[in-house]
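Overview (structure and organization)
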Amino acid sequence: MGEALRYWQFVGIDAAGNRRVEVIAPARTFFKQQFSTGEEIADASVQRQLIAIVRSKAAIDRQAAESCLRCFISNQSAWICRELVAQFGQKGGFTWADLYSLVLDDRLPLDRRQTSNYQSVATRILQTVDLNLGQLSTWTKRLVMAELNPFLLNCGIYIASDWSLLNIPIDRLRRLCKNTFRLPDSEIQKKVHLLTAYHQIYRRDRLRELGSQSRRKYAEPTVEQIDEMMSYLRSQNLQYSAKQLLEELQDLAQLIRQNRCPETISIDDSNNHALIEQSAPEDNSENELLNRYRQDLLECLEASLTEVVTQYHQKKKPDKAAKFLPALCLFHCESRSMGRIAKEMQLGTQSTVSRLLELDQLRASVRQTLLLKLRDRVKALAETYSSRSRLEAIDQQLDTILLEQIDPIIAAAAAEANTPNQPRNSLFSRRLCRYLKTQNIALCTH
């Protein structure tokens, strides 16, 4: 249930980047003609009717219905931005204006829109939403967060997706439901079956791809994976539609998120408990384990950067090798653009610098090397703090756990590399610059 005015009040930004709320009169008139506008309305029913009108070629009210939906999306997007700023703005050093500029890129009335190949976030939401699989508000949040996550990562904020949260071990979920939320046994068993289905199908497919060096996000389960999970659950006498199953899994993820500490992880935050949540023993040694793990992570990252950069440097021809480290230092440590580096080092064009540095490949190599080094360290560390049974459980999912820590580091480096006119101060860049400083590079003053 929600307020009707969200369907005719459009939230946008003006040319100066300031928030602007505008009443779209045709949308308001149309909405009041079509629906009851009491204090609260049933969003699901209203949105289903509006989507049907928008997607009907014969409907004469398509434009008005689309305006109503775009107004709703703008309100939902603005609310997501405000919530993020309230929770993490001070920590990440950003304001609502920073976020609004990334997602409130739509324009109304529709006849004011300019024709171009650019698609606003709202347009992509309307084109891809499937109300048989979830609500418009849920889909809006997913696509808005996908748009905002690179910026948040650059600010040191990593927000775990619902699908990554569901990597929690089943025994831990059972304890969480029983001891923390005090759910009845029947409800606990239902949630255990849901998580088992997720692990057996979704996580199975993800683990098969762990050898890939490309950074893979936790995507929504595919239609085939949903069908497989539904089949498994039917064998446990649990009947779900595809939409119901997705909603149940997302509800389960939110339950886990409530008990997650911290709920959202800052890459540089020494209170990062993500690994402990997955594998640490529940005793007073947690703080010591966390500190040792964090130190191992930093040491392995530095060792991986040193190893990979050295390899890339040595494999280049002499003329390019002589320019590789200085260019790398100027980019990561001096925050120079590739165009400026090309000019200062007489390398011709920006594309020449891009080919010289091979940043995408370099980050992928660091990711894989870091995974291998950190896996060995964590196994050795876990032997000190864990029982044999816990070690066996950890070993079965260790790569998944570690990539949840590694991927945000790599993603933050990629995000800042693609953000012009911003200092490069991610954990990846800072540790890389520590190594480059030891190389006594003349052009680098960092």
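As the structure is a computational prediction, the values presented were derived from the model and not from experiment.

Examining the pattern of salt bridges
Per the counting criterion, the structure on display carries 21 salt bridges. Across the salt bridge formed by Arg70 and Glu66, the nearest N and O atoms sit 2.8 Å from each other. Residue Arg70 and its partner Glu66 are located together in helix 3 (residues 62-92), separated by four residues, close to a single helical turn. We classify Arg70 as buried; its relative accessible area is 4%. Among the ionic pairs, Glu302 bridges to Arg431, the shortest N-O distance being 2.5 Å. Here Glu302 is found in helix 13 (residues 286-315), whereas its partner Arg431 is found in helix 19 (residues 427-437), with 129 residues between them in sequence. Here the salt bridges share partners, and the residues they tie into one network are Glu66, Arg70 and Asp106.

A word on the environment of Leu432
Along the polypeptide, Leu432 turns up in helix 19. When the C-alpha positions of Leu432 and Cys329 are compared, they lie 8.6 Å apart, and in sequence the two are 103 residues distant. The residues touching Leu432, leaving out its near neighbours within four places in the chain, are Leu305, Val309, Leu328 and His332.

Structural notes on the packing of helix 10 (residues 223-235) against helix 11 (residues 242-258)
Packing of helix 10 against helix 11 brings their axes to within 10 Å, and their N-to-C directions diverge by 85°. With respect to each other, helix 10 and helix 11 are oriented roughly perpendicular. Between helix 10, through Ile226, Met229, Met230 and Leu233, and helix 11, the contact on the second element is made entirely by Ala242, Leu245, Leu246 and Leu249.

Overview of the packing of helix 5 (residues 121-128) against helix 6 (residues 136-154)
Geometrically, a packed helix pair is captured by the angle between its two axes and the distance between the axes. At their nearest, the axes of helix 5 and helix 6 sit 10 Å apart, and the two run at 135° to each other. The pairing of helix 5 with helix 6 is recorded here as oblique in orientation. Helix 6 is crossed by helix 5, and the crossing has right-handed handedness. Taken together, the residues of helix 6 that come into contact with helix 5 (itself represented by Val121, Arg124, Ile125 and Thr128) are Leu136, Trp139, Thr140, Leu143, Val144 and Glu147. The residue makeup of the contact of helix 5 with helix 6, split by class, is six nonpolar, two polar and two charged.

Some details on the state of the cysteines
By the definition in use, this model includes one disulfide. Here Cys333 pairs with Cys433 through a disulfide, and the sulfurs are 2.1 Å apart. For the disulfide bridge between Cys333 and Cys433, the dihedral angle about the S-S bond is near -110°, and by the sign convention the bridge is left-handed. Placement of the pair is Cys333 in the loop between helix 14 (318-332) and helix 15 (338-344) and Cys433 in helix 19, with a sequence separation of 100 residues. Each member of the pair, Cys333 as well as Cys433, carries the same accessibility label: buried. Looking at Cys71, it has no disulfide partner, and the nearest cysteine sulfur is the one in Cys68, 6.6 Å off. The buried category is assigned to Cys71, whose relative accessible area is 0%.

Each value, and the rule that gives it
- Residues numbered from 1 in each chain as written.
- Predicted model: local features only at pLDDT ≥ 70, side-chain atom pairs only at ≥ 80, totals over all residues.
- Heavy atoms only, no water.
- Salt bridge = Lys/Arg side-chain N within 4 Å of Asp/Glu carboxyl O.
- Helix = DSSP H or I, 4+ residues; strand = E, 2+ residues; numbered from the N terminus.
- Buried < 20%, exposed > 50% of the residue type's maximum accessible area, 1.4 Å probe, protein only.
- Contact = heavy atoms within 4.5 Å.
- Axes fitted to C-alpha atoms, helices over the stretch in contact; angles between N-to-C directions.
- Parallel < 35°, antiparallel > 145°, perpendicular 65-115°, else oblique.
- Left-handed = near helix turned anticlockwise from the far one by under 90°.
- Nonpolar A, V, L, I, M, F, W, Y, C, P; charged D, E, K, R; others polar.
- Disulfide = S-S within 2.5 Å.

What is shown is where atoms sit, not what they do.
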